[in-house]
Every structure is written in structure tokens, then in C-alpha cells.
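Residue strings, one per chain:
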2 protein chains.
Amino acid sequence: MADSAKPVSKRDSRKEAAVAVDETQAVQLGELSDLLGYVLKRAQLKVFEDFLRCVAPLQLTPAQFSVLLLLDANPGRNQTEIANTLGILRPNFVSLLDSLESRDLCTRVRSANDRRSHILMLTEKGRGVLARAKKLVVSKHEARLNELLGPDGRDALLAMLTKIAEEF
Amino acid sequence: MADSAKPVSKRDSRKEAAVAVDETQAVQLGELSDLLGYVLKRAQLKVFEDFLRCVAPLQLTPAQFSVLLLLDANPGRNQTEIANTLGILRPNFVSLLDSLESRDLCTRVRSANDRRSHILMLTEKGRGVLARAKKLVVSKHEARLNELLGPDGRDALLAMLTKIAEEF
DNA sequence: CCGTGTTTGGTATGGTGGATAACAATTATC
DNA sequence: GATAATTGTTATCCACCATACCAAACACGG
């Protein structure tokens, strides 16, 4: 239950206003269309949405796909290392891994060097799913972006976004 | 302590694994650094983070700021129109508006034309806060982005993101 | 008028991600 | 060997997002 209840009166007799607004006219974005953060988030949502569509046959979210990619490129790493790299907090990484492991896409193996940590490895099935996912991403998702922006545009965009992500 | 590099000719006993990994080496991003969606989200988080810092004195989130901007540019509109423009669902827009209204930054005024709808208006205080917020955003937030990307780079980035947001 | 259907704001609710505290097991350090 | 730090994990909390549903108010065809 909520501990703080706002005294929002619903029977508040407020003033009334009859403002003449052309309702057929679209709402003006105004300065919002120049706010980089706003457009950035809108674009990000669209891209994620398309990613989900393209890779839907494999039932992989962007986060899950990124984990599989990292495991493939970094065999022998443990949970904290992978989670930190992706900017995921360790507690939140547990359920993510649980879902992947329950689908037999990766496994946690107790390390012999440090028995606290779990070495993460892709399974055979995980490698197969990752390979198919990559194909879908390249042939459908990134291809569509390439078509929209052009190869040079895409590279320029990636470069600037990388710069923001790393140096901002 | 660094590992003394044991000869790792041991096989995994299905439960334990001693994989020789240079833990001093950073985890490799691999193909992730070429995945536009990943870098896009990372950049978006950084930008929002900086936005929050820059506008912290006024205690405004990006969403709240965008609402104030829209209200300023579109007087006489109702909740659904504003919410739809921002891609916010009407139920979720209620509490957002509640918080703004409780801070006396905007008001809901019952429309005389259609007594179901609430006309949204900035208060005097709301206009003041918005003006100060704009100054902070321009002088601190966007200025920092300009410094990083250059004016031309920023414009190119904005153009490509807009294209993605609108046409993707 | 009247009855039906739609729209608007709102509530309740569930799902998902992100963040912190705490804990057992294990390792590191002195 | 005592103490501190680390790893995976659980339990929460909070912010967002999405859906279903409701009362009040409108639209409209009879």
C-alpha cells in the first residue's frame, strides 16, 4: 500500500475556460524537436522495437542478445564481469541469466580457481541461436537502418553515438 | 594476485572448470560495439543522465521538461492530446500531471466546450521554471554536446536520429 | 427527446528494469 | 587465525509501461 496519499480533490470546482484551439491542427512539438535527448530516446525506442520484431522468431530481447554476444566473445568470464560490462547490476543480472540458462542457451559453471564465481559459457544450442540471431540482425535489422541512413550515414551515426557513450 | 599460469590441460568435470583467462584484461565488447541499438541506448542513458544533472536545481526530469515545453507551445490542449504527442499513455500521464500541478507548474482547467476534457495551462510559476530550465539546458546540457560533437556534428546527429524516429 | 455508442480523465493492477540492503559462502589480507 | 573483501543471490523498492475497467460527459441516429 502507498504510504503517501495525495489530497487530490476530484470534486474541485475549478475555473472553466473556453479556449479557441483548432483541434484539427496537430500539436506542435516546438523546441522539443531540437532537444537531442528527446529525439535520441524516440529513436532508441524505434530501434529496439524493430530489433524485437526482427529477432522475434528466436524470442530474444536486446539485453539477452547482448549477453549471448558477450559470452561468445569472452569465454571464461564470470557473472560480475559480464554484468558490469553491460552496465547491468549483479542482482538484476541473476534473473536474466536464469531465463537464458532455463532455455539451455548458456550455463553457469563453478570455477575451480575461485569457487565463489560462476564461469559463464554458451551451450551448443546457445551458439546456434546466437548465430541465427546474428543473421537476422544483420540481414533484417541493421540492413533496414543501412537503407534508411546509407552505409556512410550509419557509420557516422555510430561514431557519434559511441563518442557520446564513451566520452560524455 | 596474478595467476601463475597453470598448464590448463585439465578437462571440465561437467561441474567445475578452470579456464585460463587473463582477468587483468578488459572484457571485449566484440560485435556489440558495432550494434547500433546497443550504442544508441548507451548514449541515450548518458544524455539523460547529464540532462538530470544540468537541470537538477529545478528538479525536472526529461519527461516533465518535455511536458512543460509542449504546454508552452500548445496552449488550450487537453490531456490526451499532450500525452499522445509525447507517446505517453493517458493513464500514466495522470500522475505525471499530478506532480506538476502539485508543484503549481501547470493547471487543469475544465473546458467549457467539452466538460469531459481538461485544458492544460502553464502557471506563472510554470513559465518561470520553464524559462530557467531552458537556460540551463541550452547553456549547460546542449552546450556540452556541442563541445563534444561540434555544431555541425550535433546537427547531423539530430537529423539522423529524427529520421529514425519518424521514418523507421 | 431517448437510447446507444464513444470519448475523456481517472483508478486499479500487472509486468519489467533499475537500484539498494543484506546474507552465506568463499577468498584475500594481515 | 581473525578480519575484511568478493561473488552470487534474495528481497525490496521505485520508476515506467501497458491493459482493463469505470463514471461523467458528449455525439448521434432513431
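The rules behind these values
- Residues numbered from 1 in each chain as written.
- Chains lettered and ligands numbered in written order.
- Predicted model: local features only at pLDDT ≥ 70, side-chain atom pairs only at ≥ 80, totals over all residues.
- Heavy atoms only, no water.
- Pairing = 2+ DSSP bridges.
- Helix = DSSP H or I, 4+ residues; strand = E, 2+ residues; numbered from the N terminus.
- Near = heavy atom within 4 Å.
- Polar contact = N/O pair within 3.5 Å; in protein donor to acceptor, adjacent residues only side chain to side chain.
- Nonpolar A, V, L, I, M, F, W, Y, C, P; charged D, E, K, R; others polar.
- pLDDT = per-residue confidence, 0-100.
- Contact = heavy atoms within 4.5 Å.
- Axes fitted to C-alpha atoms, helices over the stretch in contact; angles between N-to-C directions.
- Parallel < 35°, antiparallel > 145°, perpendicular 65-115°, else oblique.
- Left-handed = near helix turned anticlockwise from the far one by under 90°.
- Buried < 20%, exposed > 50% of the residue type's maximum accessible area, 1.4 Å probe, protein only.
- Buried area = accessible area lost by both parts, 1.4 Å probe.
- Salt bridge = Lys/Arg side-chain N within 4 Å of Asp/Glu carboxyl O.
- 1 Å grid on protein atoms, 1.4 Å probe; cavity = no way out; pocket = protein on both sides within 12 Å on 5 of 7 lines; lining within 4 Å.
- Points joined across faces, edges and corners; volume = space filled by probe spheres on them.

Examining the pairing of strand β3 (residues 118-122) of chain A
Residues and elements named next belong to chain A. Where strand β2 (residues 106-111) meets β3, five bridges bridge the pair, whose relative direction is antiparallel. Bridged to R108 within β3 is L120. The loop that links β2 with its antiparallel partner β3 comprises six residues.

A short note on the protein's contact with DNA strand C
R115 of chain A together with Q79, T80, R108 and R116 of chain B are the nearest of the 16 residues found near DNA strand C. Within 4 Å of the protein, the atoms of DNA strand C are drawn from sugar and phosphate moieties in a proportion of 60%. Between a phosphate oxygen of DNA strand C and a side-chain N or O atom of Q79 of chain B, the distance comes to 2.8 Å. Here a phosphate oxygen of DNA strand C sits 3.1 Å away from a polar atom, N or O, in the main chain of H118 of chain B. Elements that contribute at least two residues to the surface near DNA strand C include exactly α4 (90-102) of chain A together with α3 (79-86) and α4 (90-102) of chain B. Class assignment for the residues of the surface near DNA strand C results in four nonpolar, six polar and six charged.

Some words on the confidence of the model for chain A
Per-residue confidence for chain A gives a mean pLDDT of 91; residues scoring 70 or more make up 88%. Confidence drops under a pLDDT of 50 for residues 1-13 of chain A, and excluding neighbours within four residues, the segment shows two contacts in the predicted structure.

A word on the packing of helix α2 (residues 62-73) of chain A against helix α3 (residues 79-86) of chain A
All names here are of chain A. Their axes nearest at 11 Å, the elements α2 and α3 cross at an angle of 125 degrees. Between α2 and α3, the angle is such that the two are oblique. As α2 packs across α3, the resulting crossing turns out to be right-handed. In this structure, α2 uses S66, V67, L70 and L71 to contact α3, whose residues at the interface are I82, T85 and L86. By residue class, the composition of the contact of α2 with α3 is five nonpolar, two polar and no charged.

Re the protein's contact with DNA strand D
Surveying the vicinity of DNA strand D reveals 17 residues, the closest of which are Q79, T80, R108 and R116 of chain A together with R115 of chain B. Each atom of DNA strand D within 4 Å of the protein belongs either to a base or to sugar and phosphate, the latter forming 57%. The separation between a base nitrogen of DNA strand D and a polar side-chain atom of N92 of chain B is 3.0 Å. The set of elements that each furnish at least two residues to the surface near DNA strand D consists of α3 and α4 of chain A together with α4 of chain B. For the surface near DNA strand D, the leading source of residues is α4 of chain A, giving three residues. Broken down by class, the residue content of the surface near DNA strand D amounts to four nonpolar, six polar and seven charged.

So, the environment of E81 of chain A
Within the secondary structure layout, E81 of chain A lies in helix α3. The class of E81 of chain A is buried, set by a relative accessible area of 17%. Spatially, the C-alpha atoms of E81 of chain A and I119 of chain A are 9.9 Å apart, while their sequence positions differ by 38 residues. With residues up to four places along the chain from it excluded, the contact list for E81 of chain A reads E23 and V27 of chain B. Within polar-contact distance, the side chain of E81 of chain A engages the side chain of R77 of chain A at 3.0 Å.

A word on the interface of chain A and chain B
Tallying the contact residues gives 76 residues for chain A and 76 residues for chain B. Summed over both partners, the interface of chain A with chain B comes to about 7100 Å²; 68% of that surface belongs to carbon and sulfur atoms. By the criterion of area lost to chain B, the three top residues of chain A are V27, L36 and F168 of chain A, representing 12% of everything that side buries. Across the chain A-chain B interface, the total number found is two salt bridges. As a salt-bridge pair, E31 of chain B and K134 of chain A come within 2.6 Å of each other at their nearest N and O atoms. Looking at the side of chain A that touches chain B, the elements that each hand over two or more residues are β1 (16-17), α1 (36-54), α2, α3, β2, α5 (124-149) and α6 (151-167) of chain A. Class assignment of the residues belonging to the side of chain A that touches chain B gives a composition of 38 nonpolar, 15 polar and 23 charged.

Here's the deal with the layout of surface pockets
Here the idea is plain: a probe the size of a water molecule rolls over the atoms and shows the empty space left. When its volume is computed, the second largest pocket comes out at roughly 370 Å³. The wall of the second largest pocket is formed by 16 residues, among which A63, L86 and I88 of chain A together with Y38 and K41 of chain B lie closest to the centre. Looking at the lining of the second largest pocket, the elements that each hand over two or more residues are α1 and α2 of chain A together with α1 (36-54) of chain B. Considering each element in turn, the lining of the second largest pocket owes the most residues, five residues, to α1 of chain B.

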